[in-house]
Amino acid sequence: MQEILKVINLTKNYLKNDHDFKALDDINFTLQKGDSLAIVGESGCGKSTLANILIRLETPTIGEVLFKDKNIHQYSKQELKQFYRQVQMVFQLPQESFNPRQRLGDSIIEPLINIGTNKAQAKQILDDLLTKVALPLEIKYKYPHQISGGQCQRCAIARAISIKPQVLICDEITSALDTITQIEILNLLLKLRQELDLSIIFISHDLALVQKLCNKILIMYQGKIIERGLTSEILKNPQEEYTKELINICS
Ligand SMILES: Nc1ncnc2c1ncn2[C@@H]1O[C@H](COP(=O)(O)OP(=O)(O)OP(=O)(O)O)[C@@H](O)[C@H]1O
């Protein structure tokens, strides 16, 4: 299996109340092509810090993230451009990741324009994208505050997949949505994973959703990975007390 992302000895310290605080402590894992990898753990265990480092929104204190064997934090400008063509992220609160004064259609095609697609072509692709994420085409004329959270998350997914990335990092993308919408978004991801041959990192605290989408799972606790493996096996036969508690809470 082809390795896409490799995380090596990743540690992130923050200054908290004048003390060094380890938000991530020696994290190691690999994302292989075709994987849907869940990162699960309670609030504050370091999931978003990890996601932000994977997409270069933050730098690690120690350690490396290799994308196709090269450290992403040492990329040249050109390599960085290529990286963002291949790795995209969707965030928890989609309304906040769109410009409130820009029509959604224009926001969704922004990554396409940034990579040099001409506007007429991008507008054609936009209709395909909206259809792919099961949104009515009129949505392209609306602003983020004029649509529901679920619709906005679909727009965020459309924007992320517009440039056909290989990897999609989803940081708690369903946690602000109601249960039915959560399941709809999950089904959308399942469909897109297949259609676009996506590898997915799915950060969540919801084991029921994780179980449906992800073949592999990492359990995080206080900045460390404490358990890992195939989702079906870990959920059937957890070894760590903390994992057992998580499963109990979610069942
Ligand atoms: N910029 C920062 N400065 C100081 N501490 C931070 C910073 N960002 C995160 N932290 C701390 O690092 C720890 C991990 O935070 P992080 O947001 O990664 O956790 P999380 O698992 O994503 O939580 P949640 O599910 O609530 O988003 C927390 O204790 C948080 O307070």
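These numbers come from a predicted model, not from an experiment.

What follows covers the pattern of salt bridges. A side chain of one charge can pair with a side chain of the opposite charge when the charged atoms of the two come close. Evaluation of the coordinates by the stated rule reveals ten salt bridges. Here Asp 35 makes a salt bridge to Lys 216, at a shortest N to O gap of 3.1 Å. Highlighted residues: Asp 35 in the loop between strand S2 (19–32) and strand S3 (36–40) and Lys 216 in strand S9 (residues 216–221), separated in sequence by 181 residues. Residue classification places Lys 216 among the partly exposed residues on the basis of a relative accessible area of 22%. Between Asp 127 and Lys 140 there is a salt bridge, with its nearest N and O atoms 2.7 Å apart. Taken together, the residues span a long stretch of sequence, with Asp 127 in helix H5 (residues 119–132) and Lys 140 in the loop between H5 and helix H6 (149–161) at a distance of 13 residues. Residue class for Lys 140 comes out buried when judged on its relative accessible area of 17%.

Right, let's get into the packing of aromatic side chains. Tallying each qualifying case throughout the model produces four aromatic pairs. Their ring planes at 65° and their centres at 5.7 Å tell us that Tyr 75 and Phe 83 sit as a pair that is edge-to-face. Each member of the pair, Tyr 75 as well as Phe 83, carries the same accessibility label: buried. Seen from their ring centres, Tyr 221 and Tyr 242 are 4.6 Å apart, and the 40° between their planes marks the pair as tilted. Remark: Tyr 242 occurs in helix H10 (residues 241–250) and Tyr 221 occurs in strand S9; sequence separation between them is 21 residues. The class for Tyr 221 is partly exposed, based on a relative accessible area of 29%.

In this structure, Ile 157 and Phe 202 are the most contacted members of the largest nonpolar core, which totals 48 residues. It is H6 that contributes the most residues to this core, seven residues altogether.

Around the ligand sit 13 residues, and of these Lys 16, Ser 43, Gly 44, Ser 48 and Thr 49 come closest. Residue Lys 16 places a side-chain N or O atom 2.9 Å away from an oxygen atom belonging to the ligand. A distance of 3.1 Å is found between an oxygen atom of the ligand and a backbone nitrogen or oxygen belonging to Cys 45. For the shell around the ligand, the secondary structure elements donating two or more residues are strand S1 (3–16), S2 and helix H1 (47–54). Taken together, the residues of the shell around the ligand sort by class into four nonpolar, five polar and four charged.

Quick look at the state of the cysteines now. Under the criterion given, the structure shown has zero disulfides. Unpaired in this structure, Cys 170 has its nearest cysteine sulfur neighbour in Cys 214, at a distance of 8.7 Å.

Moving on, we come to the environment of Lys 68. You can see Lys 68 is positioned in the loop between strand S4 (62–67) and strand S5 (70–71). Since its relative accessible area comes to 34%, Lys 68 is described here as partly exposed. Sequence-wise, Lys 68 and Gln 2 are 66 residues apart; in three dimensions their C-alpha atoms are separated by 9.0 Å. Ignoring anything within four residues of it in the chain, the contact list for Lys 68 reads Gln 2, Ile 4, Gln 86 and Gln 166.

What counts, and at which threshold
Residues numbered from 1 in each chain as written. Predicted model: local features only at pLDDT ≥ 70, side-chain atom pairs only at ≥ 80, totals over all residues. Heavy atoms only, no water. Salt bridge = Lys/Arg side-chain N within 4 Å of Asp/Glu carboxyl O. Helix = DSSP H or I, 4+ residues; strand = E, 2+ residues; numbered from the N terminus. Buried < 20%, exposed > 50% of the residue type's maximum accessible area, 1.4 Å probe, protein only. Phe/Tyr/Trp six-rings, centres within 6.5 Å; stacked < 30°, edge-to-face > 60°. Core = buried A, V, L, I, M, F, W, Y, C linked by side-chain atoms within 4.5 Å. Near = heavy atom within 4 Å. Polar contact = N/O pair within 3.5 Å; in protein donor to acceptor, adjacent residues only side chain to side chain. Nonpolar A, V, L, I, M, F, W, Y, C, P; charged D, E, K, R; others polar. Disulfide = S-S within 2.5 Å. Contact = heavy atoms within 4.5 Å.

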